[in-house]
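Observations on the three-dimensional arrangement
Spelled out from the first residue to the last, the chains are:
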Amino acid sequence: MFSGGSRPTTFSQPRRSKLSRRELLGATFASSALAGVGGEGLVARAASAHADDAAVLSSLIGVELAIVFAYERILASGELSGAATQLADEALAQERAHVTRLTAELHARGQTPPAGPSSVAEADKELDAHHFSGSLLQLTSQGYCLRRLYDVEAIAVGAYYEALPKLSDPVLLRTAAEIMGVEAQHAAAFGGLMHPGNIKRIVPLGFVAGKH
Amino acid sequence: MLLAGCGSKSLRAELKQAPTQVAGTDIALLNHLLDLENLTIAAYTAAIPLLSGEASAIATQFLGQELAHAEGLAGLVKAARGHPHSPALSYDLGHPRDDHDVLQILRVAEDAQLSAYLEAIPQLKPGAVRQAAAGYFANDAQHVSVLRSALGQPLLAGPFVSVQE
């Protein structure tokens, strides 16, 4: 018998939530209503939150575009091969999907997304603002490239980690969390290429917050 | 290697900086996450003696991290002046026949956590509590990815964390 514990007992199927979604949402809306100061106050508060969300989205798109640039630069260098190329290709496709989703959200808020970096210097500058260790200028080996990719993923995780307290739209919050999780997976995947079979180096610690 | 959990701070440092302002309305959400962490801890604890080699090492590493998550969540519940749920006395986790079945059980437990975190994160306040949950969630997402690979599945499933049905 496979059981976690010394006494085998029947464990009911895990419920999706201790509280139903309706109860949880009801509590959220009730507290929001109590916090309002009247109709105009709520409208002003909503408008402010909307503007803040747009600003955060714009910032995240900027980071993602720099990351896409980094991937493209590294893949074009020819330094990667085999499994590293395959992983980078796959991760790049996912980063582009992130840009697409976030851009759609920003457009829905009537804003225009920032332009991505048009040069290595611009990309390095954007990434340096997030504590990038290295440069995209001279990519000298697969190992160097993999360390850069790990680093940009750490930057990505950190960007979403920093964004989460600033966002107000629950749909955006969930999207940000979903993307943050994938960026963490990318980092672990590159860690697996750099340290094959060494789980302590691949998933080193239990709190993943990236570079922030 | 670079970074503790991809970040510049160790887990101990992050836990020391855990938010002290936690809303009472978050207690139920946090306790639900804690229930699932406790289930996953039980699953890893039961799994480790049944696994060997790399799979055993993975389970051992992840068990330590799940224990840290549970400790962190319990701390948040206490900060909200709530009572953290205790683990159940036992969990019926099924009848695995081999390593593959054991890893699949672990994968299911981790998926349940991911689903719960994705539901909870948008609702948690203040932002620091949301960040704390996200830090554990991102680690659990890494666990799922590694377990998926150990099960012979693709390392990366898609651009957005989704839960296997």
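Small disclaimer: the values here were computed from a predicted structure and weren't measured.

Turning to the overall build of chain A, a few remarks are in order. Along its length, chain A carries 7 helices and 1 strand. The order of α-helices and β-strands along chain A, N terminus first, is β-α-α-α-α-α-α-α. When burial is assessed residue by residue, chain A has 45% of its 212 residues classed as buried. Contacts spanning at least 24 positions in sequence make up 72% of the contacts within chain A whose residues lie at least 6 apart. For chain A, the exposed area adds up to about 10,000 Å²; of that, 55% sits on carbon and sulfur atoms.

Our next topic: the pattern of salt bridges. Going through the model one piece at a time under the given rule, you end up with 8 salt bridges over all chains. Taking the shortest distance from any N to any O, the salt bridge between A:D169 and A:R109 comes out at 2.8 Å. Residue A:D169 is located in the loop between α5 (142-163) and α6 (170-194), and its partner A:R109 is located in the loop between α3 (82-108) and α4 (120-128); the two are separated by 60 residues in the primary sequence. Taking the relative accessible area as the measure of exposure, A:D169 reaches 23% and is therefore partly exposed. You can call A:R109 buried: its relative accessible area is 12%. Linking A:R174 and B:E119 is a salt bridge whose minimum nitrogen-to-oxygen distance equals 3.6 Å. Of this pair, A:R174 sits in helix α6 while B:E119 is found in helix α4 (residues 99-120), placing the two residues in two different chains. Each of the salt bridges in this network shares a partner with another, and the network as a whole consists of A:E105, A:R109 and A:D169.

Once that is clear, we can look at the layout of surface pockets. Estimated volume of the second largest pocket: approximately 410 Å³. Lining the second largest pocket are 22 residues, with A:A189, A:G192, A:I202, B:S149 and B:L155 sitting closest to its centre. Those elements that place two or more of their residues in the lining of the second largest pocket are α3, α6 and α7 (199-202) of chain A together with α3 (53-79) and α5 (127-150) of chain B. Grouping the constituent residues of the lining of the second largest pocket by class yields 14 nonpolar, 6 polar and 2 charged.

Moving on, we get to the nonpolar core. Inside soluble globular proteins, nonpolar side chains tend to come together where they are buried. Residue and element names in this part refer to chain A. Grouped together as the largest cluster of nonpolar side chains are 117 residues, with contacts concentrated most on Y71, L127 and L136. It is helix α2 (residues 39-77) that provides the largest number of residues to this core, a total of 14 residues. Beyond its immediate chain neighbours, meaning those up to four positions away, L127 contacts A66, I67, A70, F132, L136, V152 and I155.

What follows deals with the packing of aromatic side chains. Inspection of the entire model under this criterion finds 5 aromatic pairs over all chains. Here B:Y44 and B:F62 contribute two aromatic rings whose centre-to-centre distance is 6.3 Å and whose plane-to-plane angle is 85 degrees, an arrangement assigned as edge-to-face. Here B:Y44, found in helix α2 (residues 27-47), pairs with B:F62, found in helix α3; they are 18 residues apart in sequence, far enough to count as distant. Geometrically, the ring pair formed by B:Y117 and B:F137 is tilted, given 6.4 Å between the ring centres and 55 degrees between the ring planes. In this pair, B:Y117 is assigned in helix α4 and B:F137 in helix α5, connecting sequence segments 20 residues apart. What makes B:Y117 buried here is its relative accessible area of 1%. When its relative accessible area of 0% is taken as the criterion, B:F137 is described as buried. Among the aromatic residues, those joined into a cluster by ring pairs are A:Y161, A:F207 and B:Y136. Across from the ring centre of B:F160, 4.0 Å away, lies the NZ or CZ of A:R101, which sits over that ring. Above the face of the A:Y144 ring, A:R148 is positioned so that its terminal group lies 4.4 Å from the ring centre.

As a further point, take empty space enclosed by the protein. Applying the stated criterion to the full structure yields 1 cavity of 30 Å³ or more. When its volume is computed, the largest cavity comes out at roughly 50 Å³. Of all the secondary-structure elements, those providing two or more residues to the lining of the largest cavity are α6 of chain A together with α5 of chain B.

Residue and element names in this part refer to chain A. Residue position: L173 is located in helix α6. A residue is classified by how much of its surface remains accessible, and L173, at 0% relative accessible area, is buried. Between the C-alpha atoms of L173 and Y160, which are 13 residues apart in sequence, the distance is 9.5 Å.

With that out of the way, let us pick up the confidence of the model for chain A. All names here are of chain A. Residues of chain A with pLDDT of at least 70 account for 81%, and the chain-wide mean is 84. Of all the helices and strands in chain A, helix α1 (residues 21-35) carries the lowest mean pLDDT, 36, while α3 carries the highest, 98. This model gives residues 5-38 a pLDDT under 50, and the stretch forms 31 contacts once residues within four places in sequence are excluded.

Glancing now at α3(B). Between its first and last C-alpha, α3(B) extends 40 Å over 27 residues, near the 39 Å set by a 1.5 Å rise per residue. B:R81 sits one or two positions beyond α3(B) and adopts a positive phi of about 65 degrees.

Parameters and conventions
Residues numbered from 1 in each chain as written. Chains lettered and ligands numbered in written order. Predicted model: local features only at pLDDT ≥ 70, side-chain atom pairs only at ≥ 80, totals over all residues. Heavy atoms only, no water. Helix = DSSP H or I, 4+ residues; strand = E, 2+ residues; numbered from the N terminus. Buried < 20%, exposed > 50% of the residue type's maximum accessible area, 1.4 Å probe, protein only. Contact = heavy atoms within 4.5 Å. Areas by Shrake-Rupley, 256 points an atom, 1.4 Å probe, with all protein chains shown as cover. Salt bridge = Lys/Arg side-chain N within 4 Å of Asp/Glu carboxyl O. 1 Å grid on protein atoms, 1.4 Å probe; cavity = no way out; pocket = protein on both sides within 12 Å on 5 of 7 lines; lining within 4 Å. Points joined across faces, edges and corners; volume = space filled by probe spheres on them. Nonpolar A, V, L, I, M, F, W, Y, C, P; charged D, E, K, R; others polar. Core = buried A, V, L, I, M, F, W, Y, C linked by side-chain atoms within 4.5 Å. Phe/Tyr/Trp six-rings, centres within 6.5 Å; stacked < 30°, edge-to-face > 60°. Lys NZ or Arg CZ within 6 Å of the ring centre and 35° of its normal. pLDDT = per-residue confidence, 0-100. Expected span 1.5 Å × (residues − 1).

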